[in-house]
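Coordinates in review
Residue-level listing of the chains:
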Amino acid sequence: MKPVRQNGIFFMAQKRDNSAWIKGGAISGGGAPPSGGRAWRLILLGAPGVGKGTQADLLCERLGPLHLSTGDVFRAAKSAPASERTPAIERALGYMQRGELVPDETVIDLVRERVACLRDAGGFLLDGFPRTVVQAEALRQLMQAEQLTLDGVLDYELPTAEVIQRLSGRRTCAGCKAVFHVVTLPPKREGVCDHCGGQLYQREDDRPESIQVRLDAYAKSTLPLTEYYRKLDLLIPISATGSPEEIFQRTLEALQARV
Ligand code: AP5
């Protein structure tokens, strides 16, 4: 990967392998910050469906940090054979399917088991964690023990009606996990992934009955994190209206302002 400098920020050319995070195994390569650039350590905040995963792909591909999504870990566990799933994971999948938050202790254990990913020299982008103040405190302690500092918390904001439209129209590839939208990002052939030819499906928690539960859980448990990080002077509010590229450019400008 050859980094390129643009407006004071170094760009990478491809997304890094995050399988150590997904599978919980040893990290490969260890990563390195782009030469002359910095290893970003960031958190993505925002309602379900606001576009965190979409921005994470752009940020990780171009700035080089590892994409660490707790939702992706649970979804990968769901596709694993039943014999490989622990009782704690089975229970977590039930919460997820209903749109509820998985209990803090399960999520914190999962992150603790993968703490080597936080140490990655290329930095990290946490997506979907922390989601409660208890999780944020656990992360603070983990990072303190590892002598790591957080660069910022990107808080994406969008009116609820648009959030619901994004969630209800999302389709995900069963093969490569690429994300589409029936209106704003339709595949070339209906129901078929443009990238790998896999079948597109609707996530169980993107059905109307689960969407409302997720929005309620966000308002009750995750929204207080904006105040938590504002007090630490880490909150970076970003409007999530417009195209993914426009939002990405807005994000870069906000990061540049903090360099
Ligand atoms: P998780 O996987 O983290 O889901 P989420 O936060 O609900 O976020 P989503 O993946 O649904 O949405 P997103 O913001 O990434 O949007 P996307 O980019 O796909 O968590 C799932 C579940 O796991 C939780 O409900 C919980 O049960 C459990 N869980 C995970 N972490 C946990 C934790 N820490 N504690 C407790 N429980 C936990 O975009 C959405 C759609 O919009 C797509 O179709 C996309 O194409 C489209 N789109 C994106 N950007 C734009 C744009 N700019 N314009 C138009 N369309 C757009």
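Up top you'll find the structure we're talking about.
In what follows, the accompanying structure is described. (Residues numbered from 1 in each chain as written. Predicted model: local features only at pLDDT ≥ 70, side-chain atom pairs only at ≥ 80, totals over all residues. Heavy atoms only, no water.)

**Some thoughts on the overall build of the chain**
Of the regular secondary structure elements, the chain holds 11 helices and 10 strands. Evaluated residue by residue, the chain yields a buried proportion of 47% over its 259 residues. In the chain, the share of contacts with a sequence separation of at least 24, taken over all contacts with a separation of at least 6, comes to 72%. For the chain, the exposed area adds up to about 13000 Å²; of that, 51% sits on carbon and sulfur atoms. (Helix = DSSP H or I, 4+ residues; strand = E, 2+ residues; numbered from the N terminus. Buried < 20%, exposed > 50% of the residue type's maximum accessible area, 1.4 Å probe, protein only. Contact = heavy atoms within 4.5 Å. Areas by Shrake-Rupley, 256 points an atom, 1.4 Å probe, with all protein chains shown as cover.)

**Regarding the environment of Ala-92**
Structurally, Ala-92 is set in helix α4 (residues 87-98). For the pair formed by Ala-92 and Thr-106, sequence separation is 14 residues and the distance between their alpha carbons is 7.6 Å. Excluding residues within four positions of it along the chain, Ala-92 makes contact with Phe-74, Val-102 and Thr-106.

**A few points about the pattern of salt bridges**
Counted according to the given criterion, the structure contains 16 salt bridges. Here Glu-61 makes a salt bridge to Arg-62, at a shortest N to O gap of 4.0 Å. Judged by its relative accessible area of 32%, Glu-61 is partly exposed. Arg-114 is the partner of Glu-113 in a salt bridge, and the nearest nitrogen-oxygen pair spans 3.5 Å. According to the relative accessible area criterion, Glu-113 is exposed, its value standing at 61%. The exposure class assigned to Arg-114 is buried, which follows from its relative accessible area of 8%. A single salt-bridge network, built from bridges that share partners, covers Arg-170, Arg-203, Asp-205, Asp-206 and Arg-214. (Salt bridge = Lys/Arg side-chain N within 4 Å of Asp/Glu carboxyl O.)

**Concerning the site of the ligand**
Around the ligand, 34 residues are found, and the nearest of them are Thr-54, Glu-100, Arg-131, Arg-170 and Arg-214. Contact between the ligand and Thr-70: a nitrogen atom at 2.7 Å from a side-chain N or O atom of the residue. Between the ligand and Gly-128, the relevant distance is 2.7 Å, taken from a nitrogen atom to a main-chain nitrogen or oxygen of the residue. A total of 1100 Å² of accessible area belongs to the ligand in isolation, and the protein chains cover 95% of it. Of all the elements in the fold, those that place two or more residues in the shell around the ligand are α2 (52-63), α3 (70-79), α8 (160-168), β8 (179-181) and α11 (244-256). By residue number, the principal contributor to the shell around the ligand is α3, which donates 4 residues. Grouping the amino acids of the shell around the ligand by side-chain chemistry returns 13 nonpolar, 12 polar and 9 charged. (Near = heavy atom within 4 Å. Polar contact = N/O pair within 3.5 Å; in protein donor to acceptor, adjacent residues only side chain to side chain. Nonpolar A, V, L, I, M, F, W, Y, C, P; charged D, E, K, R; others polar.)

**Focus: the pairing of strand β6 (residues 152-157)**
In terms of burial, β6 is largely enclosed, as 5 of its 6 residues are buried. In the sheet, strand β3 (residues 41-46) pairs with β6 via 5 bridges, with the strands oriented parallel. Bridge pairing in β6 links Leu-45 to Asp-155. (Pairing = 2+ DSSP bridges.)

**Topic: the sheet that holds strand β7 (residues 170-173)**
Strand order in the open sheet formed by 3 strands is β8-β7-β9, with antiparallel pairing between adjacent strands. Strands with a single pairing partner mark the edges of an open sheet, and in this sheet they are β8 and β9 (200-201). The pairing of β7 with β8 spans 3 bridges and is antiparallel. Looking across to β8, one finds that Arg-170 is bridged to His-181. Sheet strands touched by α8: β7 and β8. Its angle to β7, the strand with the most contacts, is close to 35°. (Axes fitted to C-alpha atoms, helices over the stretch in contact; angles between N-to-C directions.)

**Brief notes about the side chain of Gln-55**
Here Gln-55 is to be found in helix α2. Only 3.3 Å separates the side chain of Gln-55 from the backbone nitrogen of Phe-248, close enough to count as a polar contact. Not counting residues up to four positions away in its chain, the partners in contact with Gln-55 are Tyr-156, Pro-244, Ile-247, Phe-248 and Thr-251.

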